Amino acid sequence: MNKERLINNFIEMIKIHSPSKKEKEFADYMVNLLKEFGAEIYLDNGFKNYGGNAPTIFAKIKGNIEGEGVTLAAHMDVIEPNANVNPIIENGIIKTNGTTTLGGDDKGGVACIVEVLRTLKENNISHEDIYVLLTPCEESGLQGAKNVDWSLVPENMKPAKNMLVIDNAGKAGIIAHTAPSKYDFEITFTGRKAHAGIEPEKGINAVCLAAAAISQMNIGRIDPLTTSNIGIIKSDSPTNVVPDTCFVKGEIRSHSEEKILEIIKEYDSACQKAVEKLCGTYKFDYVCDFPTLKPKDDLKFAKEFAAVYESLGVETELKVIGGGSDSNIFAKEGYNSIIIGVGMNNVHTVDEFLEIEELYKTTEAVIKYVSK
């Protein structure tokens, strides 16, 4: 591993602006790099379904050792504000001047992958087939991963089932292997308009309908593996009119989809009771945003990678997490993902920074794992 080159490449990457739906320049940059490593490339154009401009990149670097191979995955988009990043290297970290995000989420992961491939190539290190999967629009609802048309992916380009997703916050050594499903729900309460000052009795207040229903819902931490939240309550009525519409939007996450559906049923019952008491109507819609992520091999892959970290003196932790990522989407296609980190901290904020030593540790671990 060339540490100086790794950092220089990371700096070069974060200076290419690639917010969600506008990753084309960075995608083109990555396709050219991967071709330099002799990779075979397939581009999925699912971005056309959601108004983006960059493909999901499938790459395959042929190995010279028999085996099922391994997939290295990351995402190409970053959280705004991220234009004109001014990186500062100080006391072992890379940060910005506080006016933008850094983009270490997830260009730290992408830089790790590139350095792994460069190290293997320049040192002629033997390895199994390596697949690289780079998605756009992860930060905006996992749209890149969701819109891959797997029926069009050539058989020889379909990634290896064991997938290292290099997109975890925190230090090297943390290995996330399980993550919840997330369902989004929307409720529209409908009442009846009336003049709020002259004849409010003739109205049915939709905001009150929403309040009555929400007051009977279990929100927040429901159990150790289940959470719920309402983030939007909206009514555009002026104060002198009894509002006839109120819109509510929230989410439920759990490691059990059966539990999510049970909670949805409870919420629907709360809405029904509210309209029975106050009149009016409601419409309750829900959709699965992403499925659960669970190991498909009784943690064999996670433990194998943990052993590699530990051989390098890196303390490990196998972890259940509460967030979702591309891994959840790939799990539905049968992929066995673990999520590892490169030292990114305070992600999604202008205080984001990346710990250089942690980036080194994970890059070294990945090199060692793929060249086993």
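Refer to the structure above for everything that follows.
Below, the structure is looked at part by part. (Residues numbered from 1 in each chain as written. Predicted model: local features only at pLDDT ≥ 70, side-chain atom pairs only at ≥ 80, totals over all residues. Heavy atoms only, no water.)

### Overview of the overall build of the chain
Counting its regular elements, the chain contains 9 helices and 16 strands. Judged by the C-alpha coordinates and their principal axes, the chain covers about 80 × 45 × 40 Å. Each of the 372 residues in the chain was classed as buried or not, and the buried ones make up 52%. Counted over contacts in the chain with a minimum sequence separation of 6, partners at least 24 positions apart contribute 79%. (Helix = DSSP H or I, 4+ residues; strand = E, 2+ residues; numbered from the N terminus. Buried < 20%, exposed > 50% of the residue type's maximum accessible area, 1.4 Å probe, protein only. Contact = heavy atoms within 4.5 Å.)

### A few points about empty space enclosed by the protein
Applying the stated rule across the entire model yields 2 cavities of 30 Å³ or more. Counted as a void, the largest cavity has a volume near 40 Å³. Where the lining of the largest cavity is concerned, the elements lending two or more residues are β3 (70–75), β7 (162–169) and α8 (326–332). Grouping the amino acids of the lining of the largest cavity by side-chain chemistry returns 3 nonpolar, 3 polar and 3 charged. Considered as a void within the structure, the second largest cavity measures approximately 30 Å³ in volume. Around the second largest cavity, the lining residues are Ile79, Thr101, Gly103, Asp105, Glu139, His348 and Glu352. (1 Å grid on protein atoms, 1.4 Å probe; cavity = no way out; pocket = protein on both sides within 12 Å on 5 of 7 lines; lining within 4 Å. Points joined across faces, edges and corners; volume = space filled by probe spheres on them. Nonpolar A, V, L, I, M, F, W, Y, C, P; charged D, E, K, R; others polar.)

### Concerning the layout of surface pockets
Of the voids in this model, the largest pocket is the one considered here, and its volume is about 520 Å³. Forming the walls of the largest pocket are 23 residues, and the residues nearest its centre are Glu138, Asp167, Gly324, Ser325 and His348. At the level of secondary structure, the elements contributing two or more residues to the lining of the largest pocket comprise β7, β13 (281–290) and β15 (336–345). A total of 3 residues in the lining of the largest pocket trace back to one element, the largest contributor, which is β7. For the lining of the largest pocket, the class distribution of residues is 9 nonpolar, 8 polar and 6 charged.

### What to know about the packing of helix α1 (residues 3–14) against helix α9 (residues 356–370)
Relative orientation of the contacting elements α1 and α9 amounts to 110°, with a least axis distance of 11 Å. In terms of their interaxial angle, α1 and α9 are classed as roughly perpendicular. Crossing angle aside, the handedness with which α1 passes α9 is right-handed. Judged by residue contacts, Lys3, Leu6 and Ile7 of α1 engage Ile356, Leu359, Tyr360 and Thr363 from α9. Grouping the amino acids of the contact of α1 with α9 by side-chain chemistry returns 5 nonpolar, 1 polar and 1 charged. (Axes fitted to C-alpha atoms, helices over the stretch in contact; angles between N-to-C directions. Parallel < 35°, antiparallel > 145°, perpendicular 65-115°, else oblique. Left-handed = near helix turned anticlockwise from the far one by under 90°.)

### As for the packing of helix α3 (residues 104–122) against α9
For the pair α3 and α9, interaxial distance at closest approach is 9 Å and the crossing angle is 45°. Judged on the interaxial angle alone, α9 and α3 are oblique. The two elements α3 and α9 cross, and the hand of that crossing is right-handed. Contacts between α3 and α9 pair Gly108, Cys112, Glu115, Val116, Thr119 and Leu120 from the former with Leu359, Thr362, Thr363, Val366, Ile367 and Val370 from the latter. For the contact of α3 with α9, the per-class residue count stands at 7 nonpolar, 4 polar and 1 charged.

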